[in-house]
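The chain contents come next:
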Amino acid sequence: MTEYKITWLEPTDREHQWLRRYTSSDKHKCATTGSFCNAMFDFGEADILYTTDGYIDGVREDRKPPDVDPRWPTACSACGRPFGAEDPFQLFSRQIYVCEATGARTTLEKAPVGSCWDAWWISERRKDGPTGSAWMVGPDHRSLTVKLPGNHDWLIDSRAKNCTMPEDNEHFCWVRHGRPEDGTLHVDKNGHTCAAGAGSIAVPGFHGFLHHGVLRDC
Ligand SMILES: [Zn+2]
Ligand SMILES: [Zn+2]
Ligand SMILES: [Zn+2]
């Protein structure tokens, strides 16, 4: 049995950036990955730019170096195929989070199993509205997400694929109790819920429960 303690991640005002080249053509598939050809240069950290509304500013054309900058990758990191001039030059970025318990910094993509955060891009517009699986916000108006093995993200407050009450918006397919911040986060079927499952989460390669602040496979 494998156990993962739930640890809380707070968002920071910093982002990690990469200089990314890739092919977006549907005619070309990477000979190695079968997906896009892709390569990234680690460009370090920077302050996040926000719009006047408080959203992360997606306009970043003026934050990246010119196309001739030698730090842009020239070939796919998987198959070695050179990029063409027409392939995009993208400043790729991910918000940095900090683990409250250890001080460790991470992006959500690299967060260790058991990490928990509020998917604020879902919850921030729903602070005053209804709660339930249909709106993906829990009783505290947060949209809590837990990192599972295999780099799967579990949106606890979302609707389960096998929900038996798809017409009911207010119920929770997974009922959560406690708080991730103090190790008491607990998920079960004890509350206004449907008949789907027993409060466990199943993704490819993992099936388990989150009880009393610990994620456990079964
Ligand atoms: Zn490739
Ligand atoms: Zn349900
Ligand atoms: Zn099981």
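K.L.:
Explain the overall build of the protein chain to me, using residue names and the numbers behind them.
P.N.:
A tally of helices and strands in the protein chain yields one helix and 13 strands. When the backbone C-alpha atoms are referred to their principal axes, the protein chain occupies close to 60 × 40 × 40 Å. Burial statistics for the protein chain: of 218 residues in total, 43% are counted as buried. Sequence-distant contacts, at least 24 apart, represent 60% of the contacts inside the protein chain between residues at least 6 apart. Surface exposure of the protein chain reaches about 11600 Å², of which carbon and sulfur atoms provide 53%. Both charge centroids of the protein chain, one from 25 positive and one from 31 negative side chains, sit 4 Å from each other.

K.L.:
Summarise the coordination of the zinc ion (ligand 2); cite the residues concerned and give the values.
P.N.:
Here the zinc ion (ligand 2) is held by the protein donor atoms Cys163 (SG), His171 (NE2), Cys173 (SG) and Cys194 (SG), which lie 2.1 to 2.4 Å from it. Given four donor atoms and angles of 97 to 116 degrees at the metal, the environment of the zinc ion (ligand 2) is assigned as tetrahedral. Here the donor residues of the zinc ion (ligand 2) share one chain and are spaced in sequence as C-x7-H-x1-C-x20-C. Of this pair, histidine 171 sits in the loop between strand S8 (152–155) and strand S9 (175–177) while cysteine 194 is found in the loop between strand S10 (186–188) and strand S11 (201–203), placing the two residues 23 residues apart along the sequence. A relative accessible area of 0% means that histidine 171 is categorised as buried. The class of cysteine 194 is buried, set by a relative accessible area of 7%.

K.L.:
Please give an account of the coordination of the zinc ion (ligand 3) that cites residues and values.
P.N.:
Taken together, His207 (ND1) and Cys218 (SG) make up the full set of protein donors to the zinc ion (ligand 3), lying 2.0 to 2.6 Å away. With histidine 207 in strand S12 (residues 206–211) and cysteine 218 in the segment after strand S13 (214–217), this residue pair connects regions lying eleven residues apart in the sequence. For histidine 207, a relative accessible area of 33% corresponds to the partly exposed category.

K.L.:
Describe the pairing of strand S4 (residues 89–99), naming the residues involved and giving the relevant values.
P.N.:
Burial analysis of S4 places eight of its eleven residues in the buried class, which makes it a mostly covered element. Strand direction decides the pairing type here: strand S2 (residues 7–22) and S4, joined by ten bridges, are antiparallel. Bridge pairing in S4 links leucine 19 to leucine 91. Direction of pairing for S4 relative to strand S5 (residues 105–106): antiparallel, over a ladder of two bridges. Of the residues in S5, the one forming a bridge with valine 98 is arginine 105. Here S4 folds back onto S5 in antiparallel fashion, the turn holding five residues, of which glycine 103 has a positive phi close to 80 degrees.

K.L.:
Outline the domain arrangement of the protein chain, supporting the account with residue identities and numerical values.
P.N.:
Domain parsing of the protein chain yields domain 1 (11–99) and domain 2 (113–217). In this structure, domain 1 and domain 2 have C-alpha centres spaced 31 Å apart. The three residues of domain 1 that bury the most area against domain 2 are Tyr55, Ile56 and Tyr97, which together make up 79% of that side's buried surface. Between the two partners, domain 1 and domain 2, sit zero salt bridges. Run the count over domain 1 and domain 2 and you get two residue pairs in polar contact (both at pLDDT 80 or more). Partitioned by chemical class, the residues of the side of domain 1 that touches domain 2 number three nonpolar, one polar and no charged.

K.L.:
Tell me about the packing of aromatic side chains, and name the residues and values.
P.N.:
Overall, the coordinates contain five aromatic pairs when judged by the stated rule. Considering the side-chain rings of tryptophan 72 and phenylalanine 89, the 5.1 Å spacing of their centres and the 90 degrees angle between planes classify their relative orientation as edge-to-face. With tryptophan 72 in the loop between strand S3 (38–47) and S4 and phenylalanine 89 in strand S4, this residue pair connects regions lying 17 residues apart in the sequence. Both residues of the pair, tryptophan 72 and phenylalanine 89, count as buried.

Rules behind the numbers
Residues numbered from 1 in each chain as written. Chains lettered and ligands numbered in written order. Predicted model: local features only at pLDDT ≥ 70, side-chain atom pairs only at ≥ 80, totals over all residues. Heavy atoms only, no water. Helix = DSSP H or I, 4+ residues; strand = E, 2+ residues; numbered from the N terminus. Buried < 20%, exposed > 50% of the residue type's maximum accessible area, 1.4 Å probe, protein only. Contact = heavy atoms within 4.5 Å. Areas by Shrake-Rupley, 256 points an atom, 1.4 Å probe, with all protein chains shown as cover. Lys, Arg positive; Asp, Glu negative; His and termini not counted. Charge placed at Lys NZ, Arg CZ, Asp CG, Glu CD. Donors = N, O, S within 2.8 Å, 3.2 Å for Na, K, Ca; no water. Tetrahedral: all angles 85-135°; square planar, octahedral: opposite > 155°, others 65-115°. Pairing = 2+ DSSP bridges. Domains from an automatic or database assignment. Buried area = accessible area lost by both parts, 1.4 Å probe. Salt bridge = Lys/Arg side-chain N within 4 Å of Asp/Glu carboxyl O. Polar contact = N/O pair within 3.5 Å; in protein donor to acceptor, adjacent residues only side chain to side chain. Nonpolar A, V, L, I, M, F, W, Y, C, P; charged D, E, K, R; others polar. Phe/Tyr/Trp six-rings, centres within 6.5 Å; stacked < 30°, edge-to-face > 60°.

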